[in-house]
Amino acid sequence: MTDLSALADELRNMKLAELRLPRIPLGPRRPSPELPAGPADEYTAADASRSLRVTVDPEGKVLRFDVAGSWLSRLPAAEFGSALMATYQDALGIAAAVERQARRNQPEPEAPVSFESWSGAEDLETFLARTRAEQVAIGQKLSEARESAARVSYDVTELRSPHGFVTLQVRTGALVGLTANTDAISRAKPGQVQQDLWEVFGDAGLISNRASAPVSRPSRSRPRVEEDPEEDLWKGLGGK
């Protein structure tokens, strides 16, 4: 059984290796976001200036982007890209931590008592035949995993948003970097920024299938109202 366990461990380690991606340093260490009390249908993180919010589903796919109407008064445009990336990572971290804890808290199902376990151990010939069959099956899976790993491309793909406000760096289906066009984004309306983010994250396959596409609304001319920075208007795009 030692060889069988070793093969199983090797197979598991190979699958985990495919998911391990190098972390991209984003500057000084940030405090860990506060976790909700229990699992939920969505998880939201905000940046330190309360200018950006990202909401994801339990699988870490984006449900909604929110950019505050007066974000430029609280967040320098040059820091928009790093703040968005950090907020997105925080939302993913919250979802992963809460869902992982919920799985750990689930009780283990009791194994049913079979006739074989009650009546005694199987004979040696049956045991050896079953062990050989399991080794063959694990060997086949290990071979398939090696072939799959050899085909995986670790090249970084760059995706530019339609209006050029941001550029995503994506590798094996994960966001590993994000840069913002500071000049363009500082002159754009929050709704335009949100729409641009929605489309490029959708191109990268990072949008939840539970979310509906944002609806564009015609702009209306109206008198400018002085905004209260503590009671800012969030114009979220996307949703359930």
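What you see is a predicted model; the values in this text were computed from it and never measured.

1. Some points on the pattern of salt bridges
Argument step 1. Summed over the entire model, instances satisfying the criterion amount to five salt bridges.
Argument step 2. Among the ionic pairs, Asp 66 bridges to Arg 53, the shortest N-O distance being 3.9 Å. With Asp 66 in strand β3 (residues 62–67) and Arg 53 in strand β2 (residues 52–56), the pair connects residues that are 13 residues apart, well separated along the chain.
Argument step 3. What makes Asp 66 buried here is its relative accessible area of 4%.
Argument step 4. For Arg 53, a relative accessible area of 27% puts it in the partly exposed group.
Argument step 5. Each of Glu 42, Arg 53, Arg 64 and Asp 66 takes part in one network of salt bridges that share partners.

2. Quick notes on the pairing of β2
Argument step 1. Of all five residues in β2, four are buried, a share of seventy percent or more.
Argument step 2. Note that strand β1 (residues 43–46) and β2 share four bridges and pair antiparallel. The residue bridging Ala 46 from the neighbouring strand is Arg 53, located in β2.
Argument step 3. Following β1, the chain reverses through five residues before pairing antiparallel with β2; Arg 50 in that reversal takes a positive phi of roughly 60°.
Argument step 4. Between β2 and β3, which pair antiparallel and follow one another directly, the connecting turn spans five residues, one of which, Gly 60, has a positive phi of 85°.

3. With respect to the sheet that holds β3
Sheets are built from strands paired through backbone hydrogen bonds, the pairs being either parallel or antiparallel.
Argument step 1. Taken in spatial order, the three strands of this open sheet run β1-β2-β3, and their pairing is antiparallel. Sheet topology places β1 and β3 at the edges, where each strand pairs with a single neighbour. Strand-to-strand twist across the sheet, computed as the mean angle between neighbouring axes with direction ignored, equals 15°.
Argument step 2. Seen against the sheet, helix α2 (residues 80–105) touches β1, β2 and β3 and runs at an angle of roughly 35° to β2.

4. Brief notes about the confidence of the model for the chain
Argument step 1. Predicted confidence across the chain gives a mean pLDDT of 76, with 66% of residues reaching 70 or more.
Argument step 2. Here helix α3 (residues 115–119) stands out as the element of the chain with the lowest mean pLDDT, 52, in contrast to β2, whose mean of 95 is the highest.
Argument step 3. Here residues 15–28 is modelled with pLDDT under 50, and outside its nearest four sequence neighbours on either side it reaches 17 contacts, counting other chains as well.
Argument step 4. Ignoring residues within four places in sequence, the model shows residues 217–240, a span with pLDDT below 50, making 47 contacts including any to other chains.

Each value, and the rule that gives it
Residue indices begin from 1 for each chain and proceed along its sequence in written order. Where totals are concerned, whole chains, interfaces and linings use all residues; where local detail is concerned, this predicted model gives features only for residues with pLDDT of at least 70, and gives and counts side-chain atom pairs only at 80 or more. Working from all heavy atoms in the structure, the side-chain values ignore hydrogens and water. By definition, a salt bridge exists where a carboxyl oxygen of Asp or Glu is found within 4 Å of a side-chain nitrogen of Lys or Arg. The secondary structure listing takes helices from DSSP runs of H or I that are at least 4 residues long and strands from runs of E that are at least 2 residues long, numbered from the N terminus. Three exposure classes are used, based on accessible area relative to the maximum for each residue type with a 1.4 Å probe and protein chains only: buried under 20%, partly exposed in between, and exposed over 50%. Any two strands are treated as partners once DSSP identifies two or more bridges connecting them. Axis definition: a line fitted to C-alpha atoms, limited for helices to the stretch in contact. Angles are taken between N-to-C directions and run from 0 to 180 degrees. When checking whether two residues touch, look at their non-hydrogen atoms; a contact exists if any pair is within 4.5 Å. Looking at any residue, its pLDDT shows the predictor's confidence there, from 0 to 100.

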